[in-house]
Amino acid sequence: MTHQIEFHPYQQPWKLIEYCRQQGIAFEGYCPLAKGQALSNATVIQIAEKYKRTPAQICIRWSIQVFDFQLEEVDMEALQKLHDGRRELGSSKHGVT
C-alpha cells in the first residue's frame, strides 16, 4: 500500500510519515516545488547558491535525496524550518501535519 501526500518545504507531515512507516505503508510525496513557490524562497536560493545548483534541484534533493550531491545537515534543518503547513493542492482529509 502507498499513501501519496503533498510534501515540500512548506508542507512537512512528519507525524503522518512516521505513522506510515510504523504501519508498513509506503509514503510517496508529491509537489516538491510547492507549485513553484519554494523556488523564490530566500533560504532555498541561499542553499542553491552554496551548492551551485538550482532551487528546484535543492527542493527535490531535500524531498527525495536524488542527484549527485548531498545536502549538509545544517541545510536540511534550514529547509525543515520552512514548514508552515501550507498546502498547494487543497486540504488534507486527515488533518495530520
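Residues numbered from 1 in each chain as written. Predicted model: local features only at pLDDT ≥ 70, side-chain atom pairs only at ≥ 80, totals over all residues. Heavy atoms only, no water.

J.: Please explain the pattern of salt bridges as it appears in this structure.
T.: Two side chains that carry opposite charge are able to pair once their charged atoms sit near each other. Summed over all chains, the structure comprises five salt bridges. Residue D68 is joined to R53 by a salt bridge in which the shortest nitrogen-to-oxygen separation is 3.2 Å. Of this pair, D68 sits in the loop between helix 3 (55–64) and helix 4 (73–80) while R53 sits in the loop between helix 2 (42–51) and helix 3; the two residues are 15 residues apart in sequence, bridging distant segments of the chain. Each of K50, E72 and D75 takes part in one network of salt bridges that share partners. (Salt bridge = Lys/Arg side-chain N within 4 Å of Asp/Glu carboxyl O. Helix = DSSP H or I, 4+ residues; strand = E, 2+ residues; numbered from the N terminus.)

J.: Just to check I follow, could you spell out the packing of helix 2 against helix 4 for this structure?
T.: Packed helices, taken two at a time, are described by the angle between their axes plus the distance between the axes. Taken N-terminus to C-terminus, the directions of helix 2 and helix 4 make an angle of 160°; their axes are 10 Å apart at the nearest point. In terms of axis orientation, helix 2 runs roughly antiparallel to helix 4. Considering the relative orientation of helix 2 and helix 4, their crossing is left-handed. Residues T43, V44, I47, K50 and Y51 of helix 2 pack against V74, D75, A78 and L79 of helix 4. Split by residue class, the contact of helix 2 with helix 4 holds six nonpolar, one polar and two charged. (Axes fitted to C-alpha atoms, helices over the stretch in contact; angles between N-to-C directions. Parallel < 35°, antiparallel > 145°, perpendicular 65-115°, else oblique. Left-handed = near helix turned anticlockwise from the far one by under 90°. Contact = heavy atoms within 4.5 Å. Nonpolar A, V, L, I, M, F, W, Y, C, P; charged D, E, K, R; others polar.)

J.: What is the right way to look at the pairing of strand 2 (residues 26–30) in this model?
T.: Look at any regular strand and the pattern is simple: side chains alternate between the two faces of the sheet. In this structure, strand 1 (residues 2–6) lies alongside strand 2, joined through five bridges in parallel fashion. Each bridged residue has a counterpart across the sheet, and for H3 the counterpart in strand 2 is F27. For the crossover that starts at strand 1, traverses helix 1 (residues 14–23) and ends in the parallel strand 2, the hand is right-handed. (Pairing = 2+ DSSP bridges. Right-handed = clockwise from strand over helix to strand, strands pointing away.)

J.: Please explain the side chain of D75 as it appears in this structure.
T.: With respect to the secondary-structure elements, D75 resides in helix 4. The exposure class of D75 is buried, given its relative accessible area of 7%. One polar contact links D75 to Y51, side chain to side chain, over a distance of 2.5 Å. The contacts of D75, once residues within four sequence positions are left out, are I47, K50 and Y51. (Buried < 20%, exposed > 50% of the residue type's maximum accessible area, 1.4 Å probe, protein only. Polar contact = N/O pair within 3.5 Å; in protein donor to acceptor, adjacent residues only side chain to side chain.)

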